[in-house]
Amino acid sequence: MLMPPNKFKQALAQRRTQFGLFLGLANPISAEILATCGYDFLLIDAEHGLNDTRSVQAQLQAMAPYPVQCLVRPAHHDPALIKQLLGTGVQTLLVPMVDTAEQARAIVASMHYPPKGIRGVGTGLERGSRWNAVSDYFAKGAEELCLIVQIESRTALENLDEIASVEGVDAVFIGPSDLAASLGHLGQVSHPDVKAAIADALARISAHGKAAGVFCADATQAASFQESGASFLAMGADTGLLRSAALKLLAGLRPQSGADNASAGY
Ligand code: 3PY
Ligand code: MG
């Protein structure tokens, strides 16, 4: 068998708008249910919540029969973790908390085999190469990888132009919750300063010729993010969708119920 093409990377390069969700439930059944819904991408979040390498791989397997594109967010930049996650077969990584171009370059190196990078070779043990069934894994694997770095601090905003210029960075994604915290507005992703910083960052990323993305928990903000330059938007998380659907149902039955805190942040 041959290396599957990375359709998410192709869509980003062509700036075809992609809508997706974050998956925090760490469960292959809920992942498969969402894979039937028609979103462009589903991102397994192993930064927050309970996901680990095993649950990531189980969810990738559950979603594999569907046309949705699967992304993974690792907990940190450790090359050993990135190596294991690439081994699960994910082709697109969203790496959180990237503050400098140096960090971005180190992440690129973690994703590639020598001499370009430092990734260890263990394809016979890994789903990524389908345990060596993919005959062109070494020839084609690297070009189908996609790296999205996540910008979510004041320092990252200062270094954004350098970070976006790093070779091997395919796209840049804004994390509004952490950015709001870093700008002194913890829990206030809609604070005017935060909104202005996001709009400016999306425009700067696009000006660099890189695809720009953002986490958008409030669907009414999607159009303005797109106008600022966002071409891929995560429209919330499975955890939040489950809770808001349950609250909405109950509110219809008992209108006095349900103090919600839905805007508390990612
Ligand atoms: C954030 O908003 O900080 C996130 O990481 C989610 O995108
Ligand atoms: Mg964040």
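Calculation rules
Residues numbered from 1 in each chain as written. Chains lettered and ligands numbered in written order. Predicted model: local features only at pLDDT ≥ 70, side-chain atom pairs only at ≥ 80, totals over all residues. Heavy atoms only, no water. Axes fitted to C-alpha atoms, helices over the stretch in contact; angles between N-to-C directions. Helix = DSSP H or I, 4+ residues; strand = E, 2+ residues; numbered from the N terminus. Parallel < 35°, antiparallel > 145°, perpendicular 65-115°, else oblique. Left-handed = near helix turned anticlockwise from the far one by under 90°. Contact = heavy atoms within 4.5 Å. Buried < 20%, exposed > 50% of the residue type's maximum accessible area, 1.4 Å probe, protein only. Pairing = 2+ DSSP bridges. Right-handed = clockwise from strand over helix to strand, strands pointing away. Donors = N, O, S within 2.8 Å, 3.2 Å for Na, K, Ca; no water. Near = heavy atom within 4 Å. Polar contact = N/O pair within 3.5 Å; in protein donor to acceptor, adjacent residues only side chain to side chain. Nonpolar A, V, L, I, M, F, W, Y, C, P; charged D, E, K, R; others polar. Salt bridge = Lys/Arg side-chain N within 4 Å of Asp/Glu carboxyl O.

### Describing the packing of helix α3 (residues 53–63) against helix α4 (residues 79–87)
And step 1. In contact at an axis separation of 9 Å, α3 and α4 are set at 25 degrees when each is read in the N-to-C sense. With respect to α4, the axis of α3 lies roughly parallel. α4 is crossed by α3, and the crossing has right-handed handedness. Residues T53, V56 and Q57 of α3 form the contact with α4, whose participating residues are L81, Q84, L85 and G87.

### Re the pairing of strand β8 (residues 230–237)
And step 1. Judged by how many residues are buried, β8 sits mostly within the fold: eight of eight residues are covered.
And step 2. Note: strand β1 (residues 18–23) against β8, four bridges, orientation parallel. The partner of F22 across the bridge, within β8, is A237.
And step 3. Judged from the four bridges that link them, strand β7 (residues 211–215) and β8 form a sheet pairing that is parallel. For V214, the partnering residue across the bridge sits in β8 and is L233.
And step 4. Regarding the hand of the β-α-β motif, the stretch spanning β7, helix α11 (residues 222–228) and β8 is right-handed.

### So, the coordination of the magnesium ion (ligand 2)
Under ideal tetrahedral coordination, the four donors around a metal are separated by 109.5 degrees; under ideal octahedral coordination, the six donors are separated by 90 or 180 degrees.
And step 1. Within the protein, E152 (OE) and D178 (OD) serve as the donor atoms for the magnesium ion (ligand 2), at 2.0 to 2.1 Å. Taken as a pair, E152 in the loop between β5 (146–151) and α7 (154–158) and D178 in helix α9 (residues 176–182) lie far apart in primary sequence, 26 residues in all.
And step 2. By relative accessible area, which is 3% here, E152 ends up buried.
And step 3. You can call D178 partly exposed: its relative accessible area is 24%.

### Here's the deal with the site of ligand 1
And step 1. Residues in close proximity to ligand 1 total 10 residues, the closest being R73, Q150, E152, S177 and D178.
And step 2. Take E152: an N or O atom from its side chain is 3.0 Å from an oxygen atom of ligand 1.
And step 3. Among the elements that line the shell around ligand 1, the one with the most residues is α9, at three residues.
And step 4. Partitioned by chemical class, the residues of the shell around ligand 1 number four nonpolar, three polar and three charged.

### Observations concerning the side chain of Q69
And step 1. Mapped onto the secondary structure, Q69 falls in strand β3 (residues 69–73).
And step 2. A polar contact of 3.4 Å, which involves the side chain of Q69, links it to the backbone oxygen of P67.

### Section: unusual backbone geometry
And step 1. Omega for the bond connecting P114 with P115 falls within 30 degrees of zero, at 5 degrees, which places this linkage in the cis form.
And step 2. The topology assignment puts P115 in the loop between α5 (101–111) and α6 (137–140).
And step 3. One non-glycine residue with positive phi stands out, namely N132, at about 80 degrees.
And step 4. Checked against the element boundaries, N132 lands in the loop between α5 and α6.
And step 5. The class for N132 is partly exposed, based on a relative accessible area of 48%.

### Quick notes on the pattern of salt bridges
And step 1. For the structure on display, the rule yields five salt bridges.
And step 2. E126 is the partner of R119 in a salt bridge, and the nearest nitrogen-oxygen pair spans 3.9 Å. E126 matches R119 in its accessibility class, with the two residues each being buried.
And step 3. Residue R204 pairs with D200 through a salt bridge whose shortest N-O separation is 3.4 Å. Highlighted residues: R204 and D200, both in helix α10 (residues 192–207), separated by four residues, approximately one helical turn.

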